[in-house]
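One letter stands for each residue in the lines below.
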Amino acid sequence: MNQQHQTESCPATRPRRFYDCTLNEKLLYSSFLLLAGIAYMMALAYLYTSFDGIDGKPGLSVEDVAENYYGNRSGTRLESALRGSMASYIEIEDRNHVVEWLKSGAPKAGYERVIKPIFDERCIACHSAVSGLQIPDLSSYDGVKQVANVDTGVSLHSLMKVSHIHLFGIALVALGIGLIFRFALLPAWFQHTLTLLPFIAIFIDISAWFLTKWDPTYAYTVIFAGGLLGLSWALQIFISLYQIWFLRCRVEVTSEE
Ligand code: HEC
């Protein structure tokens, strides 16, 4: 029964190609591909302007990407003060405790246990409301927080927001472009690989966003996968557009099976 079903439904004809499409289909596909290409360019321009110079230097760089997701964890006003103008007020050992606490994200628990005793002894003579000086108030957690904010990059919450929007959006666009690209006449292995690539690339890219939050070296993966997505879409779009308008059916073509 199953056997019979298979032989009956197996198509003996060759797959459809672009040259089998009606003019109406060709116009539809071309318009979609062109608009998708423009949309991708817009996305790149937007990406460039929002990442450009995060690290203070012009141009989009690995450091910009790393700093966007990972942040710049070496820089708090408190740490630079302790290594600079305030260095003489604190013992090296105490300073190391403070720096460690800053690196761990300056949590409240650690403040009460480790930091407050140090600051109460060494800093608040000057750094509290009573001193009358216009300098950071280091007598409370809230005051210390003002100069202890570590830049840990984009928050997990907004990362999840951007991720799911990207996954849905890019999956749909990849489906649209891929549905058109399937009519291309190419070696099967090449066509299959190129069809899968955008999906794989976006999965790697978005996973790497999260990994970069944890370790800035993954910024390279973010850029590599982003490039892979762009390249595979560019190939699908150019090959499709070319074949839609220029590839002709050879008359002597015989059935493939
Ligand atoms: C003798 C008074 C005095 C003591 C003690 C003191 N500071 Fe200061 N602190 C100052 C003054 C004055 C300034 C503002 C001028 C400056 O930045 O040098 C300042 C500035 C700072 C700033 C702000 C720097 C910036 O980025 O604007 C921080 C942070 C700081 N101190 C931390 C500390 C810590 C931590 C301690 C204790 C280990 C400490 N200070 C001990 C007087 C003091």
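Remember, it's a predicted structure, so these values are computed and weren't measured experimentally.

Parameters at a glance
- Residues numbered from 1 in each chain as written.
- Predicted model: local features only at pLDDT ≥ 70, side-chain atom pairs only at ≥ 80, totals over all residues.
- Helix = DSSP H or I, 4+ residues; strand = E, 2+ residues; numbered from the N terminus.
- Expected span 1.5 Å × (residues − 1).
- Buried ≥ 20, exposed ≤ 12 C-beta atoms within 10 Å, placed from the backbone.
- Near = placed C-beta within 6 Å.
- Nonpolar A, V, L, I, M, F, W, Y, C, P; charged D, E, K, R; others polar.
- Core = buried A, V, L, I, M, F, W, Y, C linked by C-beta atoms within 7 Å.
- Axes fitted to C-alpha atoms, helices over the stretch in contact; angles between N-to-C directions.
- Parallel < 35°, antiparallel > 145°, perpendicular 65-115°, else oblique.
- Left-handed = near helix turned anticlockwise from the far one by under 90°.
- Contact = placed C-beta atoms within 7 Å.
- Bend = angle between axes of the 7 residues up to and from the residue.

Visitor: Can you help me understand helix H2 (residues 23-51) in this one?
Guide: Structurally, the α-helix is built with 3.6 residues per turn, so residues lying three or four positions apart point the same way. Given a rise of 1.5 Å per residue, 29 residues ought to cover 42 Å, and the 42 Å separating the end C-alpha atoms of H2 matches this to within 8%. Buried residues are scarce in H2, accounting for two of its 29 residues.

Visitor: When you look at the site of the ligand in this model, what are you seeing that I'm missing?
Guide: Close to the ligand lie 19 residues, the nearest being Arg77, Ala81, Ser85, Cys123 and Cys126. Here the shell around the ligand takes four residues from helix H4 (residues 77-83), the largest share from any one element. Of the residues in the shell around the ligand, the class split is 15 nonpolar, two polar and two charged.

Visitor: What is the right way to look at the nonpolar core in this model?
Guide: General note: in soluble globular proteins, nonpolar side chains tend to be found buried as a group. Counting residues in hydrophobic clusters, the biggest one holds 26 residues, and the most contacted among them are Ile177, Ile180 and Val222. Sorting the residues of this core by element identifies H2, helix H3 (62-70), helix H8 (156-181), helix H9 (188-214) and helix H10 (219-246) as the ones contributing at least two each. Here the element with the most residues in this core is H10; it accounts for seven residues. Counting 13 residues, the second-largest nonpolar core is a separate cluster that includes Leu78, Trp101, Ala106 and Phe119.

Visitor: It is not clear to me how the packing of H3 against H10 should be interpreted in this structure. Could you clarify?
Guide: Geometrically, a packed helix pair is captured by the angle between its two axes and the distance between the axes. At a closest axis distance of 8 Å, the pairing of H3 and H10 adopts a crossing angle of 115 degrees. As the angle between them shows, H3 and H10 are arranged roughly perpendicular. Our pair here, H3 against H10, has a crossing hand that is right-handed. Here Val62, Val65 and Ala66 of H3 come into contact with H10, specifically with Ala219, Tyr220, Val222 and Ile223.

Visitor: When you look at H9 in this model, what are you seeing that I'm missing?
Guide: Counted at 1.5 Å a residue, the expected span for H9 with its 27 residues is 39 Å, and the 39 Å between its end C-alpha atoms agrees. Along H9, the helix axis deviates most sharply at Leu197, where the bend reaches about 35 degrees; the proline Pro198 sits within four residues downstream. All buried positions along H9 are accounted for by Pro198, Ala201, Ile202, Asp205, Ala208, Trp209, Thr212 and Lys213. The inward-facing, buried residues of H9 contact H3, H8 and H10.

Visitor: I'm lost on the packing of H2 against H10 in this one. Help?
Guide: The interhelical angle for the contact between H2 and H10, taken along N-to-C directions, is 150 degrees, at an axis separation of 10 Å. One element, H2, and the other, H10, form an angle in the roughly antiparallel class. Considering the relative orientation of H2 and H10, their crossing is left-handed. Contacts between H2 and H10 involve Lys26, Tyr29, Ser30, Leu33, Ala36, Gly37 and Tyr40 from the first element and Gly230, Trp233, Ile237, Ser240, Leu241 and Ile244 from the second. Each residue belonging to the contact of H2 with H10 can be placed in one class, and the counts come to eight nonpolar, four polar and one charged.

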